[in-house]
Amino acid sequence: MVSPGWGRSTDRRWWRDDSLPNLGMVRVGSGSYHPFFPKTVLWKVLLTMKIFILWGEQFDEELAITFLCRLRAAGLVTKLVGVQGRTAAGQYGSLLCSDLTLGEALPLAHQSVGVLIPCHSPQIRQLDLDPRIERFLRTCHAHGAPLFTGRLAPADAATLSLTPHRIQTCADRTTYGTMADRLVNRLAGALQQPTTDR
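Worth saying up front: this structure is predicted, and the values here are computed from it rather than measured. (Residues numbered from 1 in each chain as written. Predicted model: local features only at pLDDT ≥ 70, side-chain atom pairs only at ≥ 80, totals over all residues. Heavy atoms only, no water.)

### Considering the environment of Leu116
Short version of the rule: A run of DSSP states H or I qualifies as a helix once it reaches four residues; a run of E qualifies as a strand once it reaches two. Both are numbered from the N-terminal end. Here's how the labels work: a residue is buried when its accessible area is under 20% of the maximum for its type, exposed when over 50%, partly exposed in between, all with a 1.4 Å probe on protein chains only.
Note that Leu116 resides in strand E8 (residues 112-117). Leu116 sits in the buried class, given a relative accessible area of 1%. As for Leu116 and Phe52, which are separated by 64 residues in sequence, their C-alpha atoms are 6.3 Å apart.

Below is the structure:
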């Protein structure tokens, strides 16, 4: 269950914090800000935490779009990252345009709170062709970001150079939405941890 006020509220309240330059009106999720935190803390958290979805040729667009839509609907900054340029066609022929290239995402990897590789074995092996991907994933992993993937063979999971307990696989399409909601709930719970900036 997603916490009240975290992307599921029907109360479309807006708030203005004039002490934050160039901020103006800010909306979280479907409208209301999370009640547990003061506005300035929430603003800082939402701007610094990012979820990255890697996107490349023959990746699973259904998995990618399910996560992208659910995470953005919950008010989370979610970026589609092109590993082979701005655009790529998925396994069903859908052409998606990325928000960032891999080169643009690398300096932001330390802000990651989650990564999705919407790809299954054996297509995921194409990630081995670019050493920047391993560097990106290692940085995300070092900052505690969980990794979600499609179906992986054990040998392919090992090539990601991450500890197995941090890899969560989306076994089939019936689990895509559930896994996306799991990440939303994890982050909503993290926002409810006690803070001294209150």
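### Quick word on the pattern of salt bridges
Operational definition: Salt bridges are identified by distance alone: a Lys or Arg side-chain nitrogen within 4 Å of an Asp or Glu carboxyl oxygen.
Taken as a whole and judged by the stated rule, the model has 7 salt bridges. We note a salt bridge from Asp130 to Arg132, for which the minimum N-O separation is 2.8 Å. The exposure class assigned to Asp130 is buried, which follows from its relative accessible area of 16%.

### A closer look at unusual backbone geometry
Residue Pro122 is reached from Ser121 by a cis peptide bond, and omega for that bond is 5°. The phi torsion at Gln58 lies on the positive side, around 65°, for a residue other than glycine. Relative to the helices and strands, Gln58 is located in the loop between strand E3 (50-55) and helix H2 (61-73).

### Structural notes on the sheet that holds strand E4 (residues 78-82)
Rule in force here: Pairing between strands requires that DSSP locate at least two bridges from one strand to the other. Any pair of residues with heavy atoms lying within 4.5 Å of one another is described as a contacting pair. The convention used is that axes are lines fitted to C-alpha atoms, helices contributing only their stretch in contact, and that angles between N-to-C directions extend from 0 to 180 degrees.
Read across the sheet, 6 strands follow the order E7-E4-E3-E8-E9-E10 without closing on themselves; strand pairing throughout is parallel. Strands at the two margins of the open sheet, each flanked by one partner only, are strand E7 (100-101) and strand E10 (167-169). Where E3 meets E4, 5 bridges bridge the pair, whose relative direction is parallel. In the strand pairing of E4, Leu54 is matched with Val81. H2 rests against E3, E4, E8 and strand E9 (147-149) of the sheet, and its axis sits at about 165° to E3.

### Digging into helix H4 (residues 131-142)
In plain terms, the rule: For a helix, the expected span equals 1.5 Å multiplied by the number of residues minus one. The directions from the helix axis to the C-beta atoms form the arc being described.
End to end, H4 covers 17 Å across 12 residues, agreeing with the expected 16 Å (1.5 Å per residue, within 8%). Every buried residue of H4 is listed here: Ile133, Phe136, Leu137 and Cys140. All buried residues of H4 project into a common sector of 95° when viewed along the axis, lining one side. Structural note: H4 exposes Pro131 and Ala142 on the side pointing more than 90 degrees away from its buried face. Structurally, H4 contributes buried residues whose contacts are with E3, helix H3 (102-105), E8 and E9. At the C-terminal side of H4, Gly144 shows a positive phi close to 80°.

### Considering H2
Heads up, the condition is: Whenever a nitrogen or oxygen atom comes within 3.5 Å of another N or O atom, the pair is scored as a polar contact, on the condition that within protein one atom can donate a hydrogen and the other can accept it, and that pairs from neighbouring residues in sequence are kept only if both atoms are in side chains.
Spanning 13 residues, H2 covers 18 Å between terminal C-alpha atoms, matching the ideal 18 Å at 1.5 Å per step. Turning to H2, its buried residues number three or more, namely Glu61, Leu63, Ala64, Thr66, Phe67, Leu68 and Leu71. Structurally, the start of H2 carries an N-cap: the backbone nitrogen of Glu62 is 3.0 Å from a side-chain oxygen of Asp60. Phi turns positive, to about 85°, at Gly75, one or two residues after H2.

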